[in-house]
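Here are the chains, one letter per residue:
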Amino acid sequence: MLTIENYASFNRQVREIEDGSLVVYTGGFPSAGVVELLSKVLTSVPDDVPFLHWGDVDAGGVRIFRYLEESLPRGPRPHLMSEELAKQSGHPADADPSLASIAKSDSEIRALAEWLAFGSDVRHMEQEALDPAPTSEFGREG
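Quick look at the structure, then.

Calculation rules
- Residues numbered from 1 in each chain as written.
- Predicted model: local features only at pLDDT ≥ 70, side-chain atom pairs only at ≥ 80, totals over all residues.
- Heavy atoms only, no water.
- Salt bridge = Lys/Arg side-chain N within 4 Å of Asp/Glu carboxyl O.
- Helix = DSSP H or I, 4+ residues; strand = E, 2+ residues; numbered from the N terminus.
- Buried < 20%, exposed > 50% of the residue type's maximum accessible area, 1.4 Å probe, protein only.
- Polar contact = N/O pair within 3.5 Å; in protein donor to acceptor, adjacent residues only side chain to side chain.
- Contact = heavy atoms within 4.5 Å.
- Expected span 1.5 Å × (residues − 1).

## Things to note about the pattern of salt bridges
Then comes step 1: Tallying each qualifying case throughout the model produces 8 salt bridges.
Then comes step 2: One salt bridge connects D131 with R12, and the closest N-O pair in it is separated by 2.9 Å. Residue D131 is found in the segment after β6 (123-124), and its partner R12 is found in helix α1 (residues 7-16); the two are separated by 119 residues along the sequence.
Then comes step 3: With a relative accessible area of 53%, D131 lands in the exposed category.
Then comes step 4: When the shortest N-O distance is used, the salt bridge between K87 and E83 registers 2.8 Å. Pair noted here: K87 and E83 are both in helix α4 (residues 83-89), with a separation of 4 residues, about one helical turn.
Then comes step 5: Taking the relative accessible area as the measure of exposure, K87 reaches 39% and is therefore partly exposed.
Then comes step 6: Residues participating in the shared-partner salt-bridge network are R66, E69, E70 and D106.

## Here we look at unusual backbone geometry
Then comes step 1: With a phi angle near 60 degrees, L80 is a residue other than glycine that sits in the positive phi range.
Then comes step 2: Note that L80 resides in the loop between β4 (77-78) and α4.
Then comes step 3: The phi dihedral of D121 falls on the positive side, at around 55 degrees, and the residue is not glycine.
Then comes step 4: Along the chain, D121 turns up in the loop between α6 (110-118) and β6.
Then comes step 5: Classification of D121 as exposed rests on a relative accessible area of 52%.

## A word on the side chain of R66
Then comes step 1: The residue R66 is located in helix α3 (residues 59-71) in this model.
Then comes step 2: Among the polar contacts made by the side chain of R66, one reaches the side chain of E69 at a distance of 2.9 Å.

## Quick word on α6
Then comes step 1: When α6 is considered as a whole, its buried residues turn out to be L112, A113, W115, L116 and A117.
Then comes step 2: Residues of α6 that are buried make contact with α3, α4, α5 (100-103) and β6.

## Looking at the side chain of Q13
Then comes step 1: Inspection of the secondary structure assignment puts Q13 in helix α1.
Then comes step 2: Note on Q13: relative accessible area 1%, which makes it buried.
Then comes step 3: With residues near it in sequence (within four places) discarded, Q13 still touches L2, I4, V23, W54, P132 and A133.

## Quick word on the environment of T43
Then comes step 1: Mapped onto the elements of the fold, T43 is located in helix α2 (residues 32-44).
Then comes step 2: Within polar-contact distance, the side chain of T43 engages the backbone oxygen of K40 at 3.0 Å.

## A closer look at α2
Then comes step 1: Here α2 contains 13 residues, and its C-alpha end-to-end distance of 18 Å stays within 8% of the 18 Å for a straight helix at 1.5 Å per residue.
Then comes step 2: V34, V35, L38, S39, V41 and L42 are the residues of α2 that are buried.
Then comes step 3: Residues of α2 that are buried in the fold lie against β1 (2-4), β2 (23-25) and α3.

Here it is, written out as structure tokens:
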């Protein structure tokens, strides 16, 4: 299962990648209806079914990821959201200390939040900068 915050990336994912995933467009910051749908799906599938989220590598993307973690019966793992990818395909940005609470949390995205909050050579990356990839390739941050 994969959630995607950006409409263009969602369209590319569902058109170009045939890996059997359920792909849900969150419409940016997910509405209550999207959260309700995801909650129902997550309680209906076994815990070993991977749940991933693909968003921008910036403060907004990290906050959306954290919101999903806090709002759902189980949180996602990052898909195509990493410091390494942002350094390759992103653009220079200032560190954003407002992400400190996520960086210090137990979040699956905490390492990325720490880099974005306190790192040197911080870069932001819009998810459209990347080509979609099968979810089977990502059981970890990446």
